[in-house]
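# Commentary on secondary and tertiary structure
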Amino acid sequence: MPARPTRDWMRGLPKAELHVHLEGTLEPEMMLALARRNGLALPWPDAATIRAAYAFGNLQEFLDLYYRGMGVLLTHADYVDLACTAMERAAADGVVHAEFFYDPQGHTSRGVPFDVVTGGLLAGLAEGERRFGVSWRLIPNLLRHLPEDDALTTLRVAEPWLLDGRLHGVGLDSSERDFPPERFARAYAWAAERGLFRTAHAGEEGPAAYVATALDVLGVHRIDHGNRALEDPALVSRLAALGIGLTVCPLSNLRLRGVACLTEHPLRQMLDAGLKVTLNGDDPAYFGGTCLDNFVAIADALELSVADLLTLARNSLEVSLLDPAAKARHLTALAAYAGAAALVEGADT
Ligand code: ADE
Ligand code: ZN
């Protein structure tokens, strides 16, 4: 009987993280430091009190605190620090490539200009890549609780950044219940006309029908979460046949009460259905765990095998936005890692 895969072994897996919100990497310590630096008052005296406030009954309760937390981000330097720190953490997890989201409207609605936010994040990511050797992409998400016209205004401001490759596609997030994807049909048609990569949060709290309309109406290339797609077997078959990546976030699902405990998480069914599932941190500062913590927690809860973990890492590279040469390089490194694991397993049995 081979030993269970260890945290160190999972850290060593060459893998991509494809679903992590930069604002969701804002740890309480940095939130307090930025509030101080910007002369802002927070309702919490210290990091322990902030963490104690992170007890959520559902997605909306989290979002209310999340939008409040990101309010400490104001200046170019704040955005640089946030993004560079996120890159350092990705490297520490053994993530070789990270695709980050951010919510431009969560900042422009407070009066921070789009180019301060985006320019600062891009500078921090570039510095992080230089220092920690992790490649990255940056995808602006549209806020689904705001009107589609607001999204279209944001896209027009982002257009030069999207067209010259500084930004890497369009996503959709925020409150899901009662905000079906089709409300953003015009925004996604705008992105499709420009040949942009498209993804959307769907099936996190919302029904399987929202995953279907993200696919059919928004024409997405990936689905963020997608858990509730499992309620529609025909949809699962389509997602598997199309090879649509699903960026799953177990600790987020646990903390937002999508599942009562990790042993009830649907990842096993997703793998068995042949879905291209990947493991991600979502909002690690709020949900108590990074990408690697998600690997370790779900591997323990579901007793995932070495083969399962290799599949998850391979999926993450395959459905990433890496260019073909970089993808091939990381997949070759993963195959070598798998070969070494097979040798160890052979010796163990
Ligand atoms: N924004 C940040 N994290 C999110 C999540 N898990 N779902 C929807 N919107 C989000
Ligand atoms: Zn998310």
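Our structure is the block above this text.
Three or more residues of helix α9 (residues 185-193) are buried, namely Ala-187, Tyr-188, Trp-190 and Ala-191. Buried residues in α9, looked at end-on, bunch into an arc of 150 degrees, giving them a common side. Lining the buried residues of α9 we find β3 (135-143), α8 (148-163), β4 (171-173) and β5 (199-202). Remark: Gly-195 follows α9 within two positions and exhibits a positive phi of approximately 70 degrees.

This part covers the sheet that holds β4. In spatial order, the strands read β1-β2-β3-β4; together these four strands make up an open sheet with parallel pairing. Single-partner strands in this sheet number two, and they are β1 (15-21) and β4. With strand direction ignored, the average angle separating the axes of adjacent strands in the sheet is 30 degrees. In this structure, β3 lies alongside β4, joined through three bridges in parallel fashion. Looking at the pairing, Leu-142 lines up with Leu-172 of β4. The strands that helix α16 (residues 306-318) touches are β1 and β2 (95-102); relative to β1, the one it contacts most, it runs at about 70 degrees.

The next subject is the coordination of the zinc ion (ligand 2). Protein-derived ligands of the zinc ion (ligand 2) are His-19 (NE2), His-21 (NE2), His-201 (NE2) and Asp-282 (OD), with the metal-ligand distances lying across 2.0 to 2.3 Å. Each of the four donor atoms bound to the zinc ion (ligand 2) contributes to angles spanning 85 to 173 degrees, and the resulting shape is irregular. For the zinc ion (ligand 2), the single-chain donor residues occur in sequence as H-x1-H-x179-H-x80-D. One end of the pair, His-21, is in strand β1; the other, His-201, is in strand β5, and 180 residues separate them in sequence. His-201 shares its class with His-21; the two are buried.

Contact geometry for helix α5 (residues 76-92) and helix α7 (residues 114-132): axes closest at 7 Å, N-to-C directions at 35 degrees. Classified by chirality, the crossing of α7 by α5 is right-handed. Looking at the contact of α5 with α7 residue by residue, the classes come out as 13 nonpolar, five polar and four charged.

What follows covers the pattern of salt bridges. Following the criterion strictly, the structure yields 19 salt bridges and no others. Among the salt bridges present, the one from Asp-78 reaches Arg-37, with a minimum N-O distance of 2.8 Å. Residue Asp-78 is located in helix α5, and its partner Arg-37 is located in helix α2 (residues 28-37); the two are separated by 41 residues in the primary sequence. Of the residues examined, Asp-78 reaches a relative accessible area of 0% and is grouped as buried.

Analysis parameters
- Residues numbered from 1 in each chain as written.
- Chains lettered and ligands numbered in written order.
- Predicted model: local features only at pLDDT ≥ 70, side-chain atom pairs only at ≥ 80, totals over all residues.
- Heavy atoms only, no water.
- Buried < 20%, exposed > 50% of the residue type's maximum accessible area, 1.4 Å probe, protein only.
- Helix = DSSP H or I, 4+ residues; strand = E, 2+ residues; numbered from the N terminus.
- Arc of directions from axis to C-beta.
- Contact = heavy atoms within 4.5 Å.
- Pairing = 2+ DSSP bridges.
- Axes fitted to C-alpha atoms, helices over the stretch in contact; angles between N-to-C directions.
- Donors = N, O, S within 2.8 Å, 3.2 Å for Na, K, Ca; no water.
- Tetrahedral: all angles 85-135°; square planar, octahedral: opposite > 155°, others 65-115°.
- Left-handed = near helix turned anticlockwise from the far one by under 90°.
- Nonpolar A, V, L, I, M, F, W, Y, C, P; charged D, E, K, R; others polar.
- Salt bridge = Lys/Arg side-chain N within 4 Å of Asp/Glu carboxyl O.

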